[in-house]
Amino acid sequence: TGIKSPANGAYDGVFVEEGFLATLDTPGEPDGEASDPAAVDPPEPREVFNGDFEFQSTAGWWYHGAGTDPTNLGIVENGHLVLETGQYRMHNWAYAPQDTSGIEFDLEPVAFEPTSFLKIDWLRADGTSASVSLRLSDYQAYTDPINVALPGVGGNVGRIRFEVTASSGNAKVNIDNVKWLA
């Protein structure tokens, strides 16, 4: 079962597919029926649901406690997540495979100051968390994927959260291809 959201007309259901927790999203479908993006583009074995933002949608990144204040949430543009200073986006509850040690993703710092950071959190269901902050000036546009170790991810349920911070000035990043790191 799922919940119909009046805010965007999307149906968000949760189900297990090939051992992974997944959700459905149908932004603006005229018949109101849920469709499964995985039926169009099957997920890769290590892919976080909608970690590639391919459907120009925040499916999997918004409903179940992922944030409700649209002024503080990043948006999806051109197939990637865009976050600016003070904005965040949190993934719905997900199960990380047993052998997972963290996450991997593509990062493109678009604008940043020396005090700009991308904070990555793994928020566990038991209320504990693991966090890593990356100084944006240490990274260049879409080079090799970024590997971030997050202790206690494997075999647990939790949420991935990205947030851009800066003590002065404005920062902006593009994030794409979020996957579980083996």
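This text follows the structure it describes.
So, a few notes on the structure that sits alongside this text.

The rules behind each value
- Residues numbered from 1 in each chain as written.
- Predicted model: local features only at pLDDT ≥ 70, side-chain atom pairs only at ≥ 80, totals over all residues.
- Heavy atoms only, no water.
- Helix = DSSP H or I, 4+ residues; strand = E, 2+ residues; numbered from the N terminus.
- Buried < 20%, exposed > 50% of the residue type's maximum accessible area, 1.4 Å probe, protein only.
- Contact = heavy atoms within 4.5 Å.
- Areas by Shrake-Rupley, 256 points an atom, 1.4 Å probe, with all protein chains shown as cover.
- Pairing = 2+ DSSP bridges.
- Axes fitted to C-alpha atoms, helices over the stretch in contact; angles between N-to-C directions.

Per the secondary structure count, the protein includes 1 helix and 13 strands. Across the protein, helices and strands are ordered from the amino to the carboxyl terminus as β-β-β-α-β-β-β-β-β-β-β-β-β-β. Residues classed as buried in the protein amount to 43% of the 182 residues present. Long-range contacts, defined as pairs at least 24 residues apart, comprise 69% of the intrachain contacts of the protein with a sequence gap of at least 6. Accessible surface computed for the protein: about 8,700 Å², of which carbon and sulfur atoms make up 51%.

For the rest of this paragraph, the subject is the sheet that holds strand E13 (residues 172-181). With respect to topology, 5 strands assemble into an open sheet ordered E4-E5-E13-E8-E11, the strand pairing being antiparallel. Of all the strands in the sheet, the pair left with one neighbour each is strand E4 (75-77) and strand E11 (146-149). Between one strand axis and the next, the sheet turns through 40° on average, direction left out of account. Inspection of the sheet shows strand E5 (residues 80-84) paired to E13 by 4 bridges, in the antiparallel sense. Across the sheet, the residue bridging to Glu84 is Lys172, located in E13.

Sheet topology note: the strand E8 (residues 102-111)/E11 ladder contains 4 bridges and is antiparallel. Looking across to E11, one finds that Ile103 is bridged to Val148. The sheet contact formed by E8 and E13 spans 8 bridges and is antiparallel. Across the sheet, the residue bridging to Glu108 is Asn174, located in E13.

All we've got here are geometric facts, nothing functional implied.
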